[in-house]
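Residue-level listing of the chains:
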Amino acid sequence: MVTSINSFLHFALPDIGEAEISAVVESLRSGWMTTGPSSKQLETIFADRFGGEAVGVNSCTAGMHLALEALGVGPGDEVITTPYTFTATAEVVRYLGADPVFVDIDTETFNIDPRLIEKAITKKTKAIMPVHFGGLACDMDAILRIARSHGLKVVEDAAHALPTTYKGRDVGSLESDATVFSFYATKTLATGEGGMVVARDSEVAGRCRTMRLHGMDRDAFNRYRSTRPAWQYDIIAPGFKYNMPDILASIGLVQYSRLGEMHAKRSQLAERYNRELFGLPIQFPPQAPLGDIHAWHLYEIRLKDDAGISRDAFIDQMSERGIGTSVHFISLHLMSYWSKTYGLTPDSYPNAALASGAAVSLPIYSKMTDDDQTRIIEAIHSILS
Ligand SMILES: *Cc1c(COP(=O)(O)O)cnc(C)c1O
């Protein structure tokens, strides 16, 4: 049975309602298209929630670049991270002329294995970038302890981790130097493109703020509110163009107000998958420890060896039934650029290589209906039994 394209069940969809649409229209009517009061307000919300200072940017990639730059990462430095991530995490290290040093993942959580970090530290190591895979927090106590004992900075890639908690505290409020969220179209708070840096130190936050807008000593919004005339500004460095536009921030404000509701829906979808796929030859995504919150950005299953079907064939059969799935991730060490540049083979990170071959992301998003999920669950049962 091949379903028509009209009823194709997408792997991911943003949850945009009339309130978000009205907010964009209002933003356009207000005359503030670029960085202005809405982006300021979103920063205030993040700073109040997480402590420290928040800097709105136009992507998580931009935010991680800014954070590493502000923390002094430069040519010849090394930054330890996971290969089991989106390329953005590692590419920002290369932007600064530094080198990512990959450390293999834990087979249970798919997060960086802290037991392997210490062995990767050299005289050149400057920072550690953990990624909270799928929305489940990394072992941050272990990572922060290693960082502290070696004098390393920590920048969390929290693209999947809103709202995630670690030992009862929000990811974003821990002792890392910076935590960076993504508001990309498929993320748990979506503005299309966008992100937020939360930094503990106000000098670091200040450097991010300056460098996100050309290295100007004040941004457009402050320029128009300040007592100094708007044309008076200084350039203190060759900065970037990474500021968050108000059109997008206005969507973010509405999405933030719906974060709890959207997360409740994702949790409910995850619980139903756990219940109704039980007994099939798959490994389920790990649960958050008792009392902690999994953001459920991803619901990543792994086909077991006795599933009787390859991962690729499983994806094809889902697609034939009109259901979109995805893979998070194909480990970076299996990608041409990273393997050639650093002489990596699949064996360099065996756990990440194994995960890359077995993982399937099932659709999980707040706009999904019960009927959508029923269709997915029935398709998986029919393929695997
Ligand atoms: C989506 C994603 C990013 C990049 O986010 P952008 O906002 O698109 O720059 C970075 N890291 C991870 C793990 C991601 O999934």
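Throughout, a residue's number is its position along its own chain's written sequence, starting from 1. For this predicted model, a pLDDT threshold of at least 70 governs which residues receive local features, and a threshold of 80 or more governs which side-chain atom pairs are given and counted, while totals over whole chains, interfaces and linings are taken from all residues. Water and hydrogen atoms play no part in the side-chain values, which are based on all heavy atoms of the structure.

Re a nonpolar patch on the surface
Residues enter patches when they are more than 30% accessible in relative terms and free of salt bridges; like-charged ones are connected within 9 Å and nonpolar ones (Val, Leu, Ile, Met, Phe, Trp, Tyr) within 5 Å. In short, Shrake-Rupley with a 1.4 Å probe defines the accessible areas, and a residue's cover is counted only from the protein chains shown. The salt bridge definition used is simple: a Lys or Arg side-chain nitrogen within 4 Å of an Asp or Glu carboxyl oxygen. The grouping of Ile 16, Ile 21 and Val 25 at the surface amounts to a nonpolar patch, some 210 Å² of accessible area in total. With respect to the element layout, Ile 21 can be found in helix α1 (residues 18-30). A simple rule labels every residue: compare its accessible area, found with a 1.4 Å probe on the protein chains alone, to the largest value its type can have, and call it buried under 20%, exposed over 50%, or partly exposed in between. Note on Ile 21: relative accessible area 41%, which makes it partly exposed. Working definition: helices are DSSP H or I runs of at least four residues, strands are E runs of at least two. Numbering for both runs from the N terminus.

As for the sheet that holds strand β1 (residues 53-57)
In this scheme, strands are said to pair when DSSP sees at least two bridges between them. Taken together, the 7 strands give an open sheet; going across it, the order is β1-β9-β8-β5-β4-β2-β3, and neighbouring strands pair in mixed fashion. Either end of the sheet is taken by a strand with one partner, and the two such strands are β1 and β3 (99-102). Adjacent strand axes in the sheet meet at a mean angle of 25° when their direction is disregarded. Sheet topology note: the strand β5 (residues 153-157)/strand β8 (residues 178-182) ladder contains 3 bridges and is parallel. Residue pairing for β8: Glu 156 is matched across the bridge by Thr 179. Across the sheet, helix α2 (residues 37-50) is in contact with β1, β8 and β9 (195-199); its angle to β1 comes to roughly 145°. Contacts: residue pairs with any heavy atoms within 4.5 Å of one another. Lines fitted to C-alpha atoms define the axes here, with helix axes fitted over just the stretch in contact, and angles between the N-to-C directions of these axes take values from 0 to 180 degrees. Running at roughly 145° to β3, helix α4 (residues 87-95) makes contact with β2 (78-81), β3, β4 (125-129) and β5 of the sheet.

Considering unusual backbone geometry
Backbone geometry follows two general trends: most residues other than glycine have a negative phi, and most peptide bonds adopt the trans configuration. In this structure, the amide linkage connecting Leu 162 to the following residue, Pro 163, adopts the cis form with an omega of -5°. Mapped onto the fold, Pro 163 is located in the loop between β5 and β6 (165-166). Cis rather than trans, the peptide bond between His 328 and Phe 329 has omega equal to 0°. Mapping Phe 329 onto the fold places it in the loop between α11 (311-320) and α12 (336-342). Its identity is not glycine, yet His 214 carries a phi of approximately 65°, on the positive side. Mapped onto the secondary structure, His 214 falls in the loop between α7 (202-211) and α8 (220-225). Under the relative-accessibility criterion, His 214 is labelled partly exposed at 34%. The backbone of Trp 296 shows a phi angle near 50°, a positive value even though the residue is not glycine. With respect to the helices, strands and loops of the structure, Trp 296 is situated in the loop between β10 (282-283) and β11 (299-303).

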